[in-house]
Amino acid sequence: MLFISTPKGALGFQTHLSVSRFFAPLITTKFQHSSKMWQNEGLGERCALCLSLSAAVVTGDSWEKSILNSEIPVLVEFYASWCGPCRMVHRVIDEIAEDYAGRLKCFVLNTDHDLHIAENYEIKAVPVVLLFKNGEKRESVVGTMPKEFYVAAIERVLSS
């Protein structure tokens, strides 16, 4: 057996894995690359962890323009590359981004890279989804929830 530890993230969590030597190179490579972004022509920067095609990456540098100054409501998933449940939420957010295209913008923010944004919104654990309208936080969904929870929060924001 081989033990692999991921770096301690901004929220104070560290992941330890116990794997056979056969799988170690695959897992290690995934962890080394999971915090990187890839560029998709015409779609902007995307999360390499989930290879998301619908939800764009937002950073501290683009936060004000993309979130606070958006003319339409915005959904932001706060995640970390080491977070397993975040991967499940990524899939739901991608579906929502497609379902609400033109009425809602969807973004993902890596809390390990932009801790100051997470701290400003008192994010203590991930995944957390925040919904913004007119630059103000209107709704939040904490943890991994069924799609219906996110949709209900979105509908409340859209109708307000």
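Note: the structure precedes this text.
Asks: How would you explain the overall build of the protein if you had to name every residue and give the values?
Replies: Along the backbone of the protein there are 5 helices and 9 strands. Along the protein, helices and strands appear, N-terminal first, in the series β-β-α-β-β-β-α-β-α-β-α-β-β-α. When burial is assessed residue by residue, the protein has 41% of its 160 residues classed as buried. Looking at the protein alone, contacts between residues at least 24 apart form 59% of all its contacts between residues at least 6 apart.

Asks: Break down the environment of Tyr79 for me, citing the residues and quoting the values.
Replies: Along the chain, Tyr79 turns up in strand 6 (residues 74–79). Expressed as a C-alpha distance, the spacing of Tyr79 and Val126, which sit 47 residues apart in the sequence, is 5.4 Å.

Asks: So what's going on with the side chain of Asp114? Residues and values would help.
Replies: By secondary structure assignment, the location of Asp114 is in the loop between strand 7 (105–110) and helix 4 (115–120). Note on Asp114: relative accessible area 10%, which makes it buried. Beyond its immediate stretch of four places on either side in the chain, Asp114 contacts Val58, Thr59, Gly60 and Leu109.

Asks: So what's going on with the pairing of strand 8 (residues 128–133)? Which residues, and what values?
Replies: When you tally the buried positions in strand 8, you get 6 out of 6 residues, the bulk of the element. Residues Val128, Leu130 and Phe132 line one face of strand 8 and the alternating positions Val129, Leu131 and Lys133 line the opposite face, and both faces are buried. One ladder, built from 5 bridges, connects strand 6 with strand 8; its direction is antiparallel. Looking across to strand 8, one finds that Leu75 is bridged to Leu131.

Asks: Before we move on, could you go through the packing of aromatic side chains and cite the residues and values that matter?
Replies: This model, assessed by the stated rule, comprises 4 aromatic pairs. Residues Trp63 and Phe132 carry aromatic rings whose centres are separated by 5.6 Å and whose planes lie at 85 degrees to one another, so their mutual orientation is edge-to-face. Here Trp63, found in helix 2 (residues 63–68), pairs with Phe132, found in strand 8; they are 69 residues apart in sequence, far enough to count as distant. Judged by its relative accessible area of 5%, Trp63 is buried. A relative accessible area of 1% means that Phe132 is categorised as buried. With 5.4 Å between their ring centres and 90 degrees between their planes, Tyr121 and Phe132 make a pair best called edge-to-face. Remark: Phe132 occurs in strand 8 and Tyr121 occurs in the loop between helix 4 and strand 8; sequence separation between them is 11 residues.

Calculation rules
Residues numbered from 1 in each chain as written. Predicted model: local features only at pLDDT ≥ 70, side-chain atom pairs only at ≥ 80, totals over all residues. Heavy atoms only, no water. Helix = DSSP H or I, 4+ residues; strand = E, 2+ residues; numbered from the N terminus. Buried < 20%, exposed > 50% of the residue type's maximum accessible area, 1.4 Å probe, protein only. Contact = heavy atoms within 4.5 Å. Pairing = 2+ DSSP bridges. Phe/Tyr/Trp six-rings, centres within 6.5 Å; stacked < 30°, edge-to-face > 60°.

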